[in-house]
Amino acid sequence: MADPQQRVLTTVEDTEAFGRELAATLREGDLVVLDGPLGAGKTALTRGIAAGLGVLGRVSSPTFIIARAHKAGQRPDGTPGVALVHVDAYRLAGDLDELDALDLDTDLHHAVVVVEWGKGVVEHLSERHLRVQLAREPESDVRTAIWEWIE
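Residues numbered from 1 in each chain as written. Predicted model: local features only at pLDDT ≥ 70, side-chain atom pairs only at ≥ 80, totals over all residues. Heavy atoms only, no water.

S.K.: Talk me through the sheet that holds strand β3 (residues 67-70); I want residue IDs and the actual numbers.
M.R.: The strand order across the open sheet built from seven strands is β1-β7-β6-β2-β5-β4-β3, with neighbouring strands paired in mixed fashion. A strand with exactly one partner marks an edge of an open sheet, and here the two such strands are β1 (5-9) and β3. Sheet twist, expressed as the mean angle between neighbouring strand axes with direction ignored, is 15°. Relative to strand β5 (residues 111-116), strand β2 (residues 31-35) runs parallel, the two being bridged by four bridges. Note on β5: the bridge partner recorded for Leu34 is Glu116. (Pairing = 2+ DSSP bridges. Helix = DSSP H or I, 4+ residues; strand = E, 2+ residues; numbered from the N terminus. Axes fitted to C-alpha atoms, helices over the stretch in contact; angles between N-to-C directions.)

The structure is reproduced here in structure tokens:
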């Protein structure tokens, strides 16, 4: 396990670019747990991850449907893309039965799974995961990301 890293993200575009950078390190079977308050940039970061993975289709918040699956296309470097499952665990409120019904452990074998509001809820699905804590400065678009691989 490496020490946590930190980056200041001054715009939404910076947040998406950071997501593309993270995607370059992600492979099928990786779990990404995003945490932070409303407006911290979790969905913007996921859009960047999706772009870096080369997924097909528009990425938006899965708040009302809980999970969205995105098929793999092609990564920006021309290599085969990786599918993405984007989950919003906020409405699950720690309900492990509802979480189990999503079969995320099965998805982990064929996709990168990104879970917004996932801290304390989904870590057990994988032996290791990338945790990204996002914070937003009050009255500003400036965000801070702190991330680390947890094993």
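From this point, the discussion proceeds with the structure in view.
S.K.: Give me the lowdown on the nonpolar core, citing residues and values where you can.
M.R.: Grouped together as the largest cluster of nonpolar side chains are 24 residues, with contacts concentrated most on Val32, Leu53 and Val132. Per-element accounting of this core gives the leading share, four residues, to helix α2 (residues 42-53). Setting aside residues no more than four positions away along its own chain, Leu53 makes contact with Ala23, Leu26, Arg75, Gly81, Val82, Ala83, Leu84 and Val112. By size, the runner-up hydrophobic cluster in this structure holds 12 residues, among which are Leu31, Val33, Ala83 and Val87. (Core = buried A, V, L, I, M, F, W, Y, C linked by side-chain atoms within 4.5 Å. Buried < 20%, exposed > 50% of the residue type's maximum accessible area, 1.4 Å probe, protein only. Contact = heavy atoms within 4.5 Å.)

S.K.: Break down the packing of aromatic side chains for me, with residues and values.
M.R.: Applying the stated criterion across every chain, the model contains one aromatic pair. In this structure, Lys42 packs its charged tip against the face of Trp117, placed 4.2 Å from the ring centre. The lysine or arginine in question, Arg128, covers the ring of Trp149, its NZ or CZ lying 3.8 Å from the ring centre. (Phe/Tyr/Trp six-rings, centres within 6.5 Å; stacked < 30°, edge-to-face > 60°. Lys NZ or Arg CZ within 6 Å of the ring centre and 35° of its normal.)

S.K.: Hey, could you go over the side chain of Asp35 for me, with residue numbers and the actual values?
M.R.: Relative to the assigned elements, Asp35 resides in strand β2. No salt bridge is formed by the buried Asp35; the nearest opposite charge belongs to Lys119, separated by 4.4 Å. Sequence-distant contacts of Asp35, that is, excluding residues within four places in its chain, are made with Lys42, Trp117, Lys119, Val132, Gln133 and Leu134. (Lys, Arg positive; Asp, Glu negative; His and termini not counted. Salt bridge = Lys/Arg side-chain N within 4 Å of Asp/Glu carboxyl O.)

S.K.: Describe the pattern of salt bridges, and please don't skip the residues or the numbers.
M.R.: The final tally for this structure, using the stated rule, is five salt bridges. Between Asp30 and Arg128 there is a salt bridge, and its shortest N-O distance comes to 3.2 Å. Here Arg128 lies in the loop between β5 and β6 (129-136) and Asp30 lies in the loop between α1 (12-23) and β2, a separation of 98 residues in the sequence. Relative accessible area serves as the criterion here: at 9%, Asp30 is assigned to the buried category. Arg128 sits in the partly exposed class, given a relative accessible area of 33%. Two residues, Asp141 and Arg136, come together in a salt bridge whose shortest N-O distance is 2.9 Å.

By themselves these figures say nothing about function.
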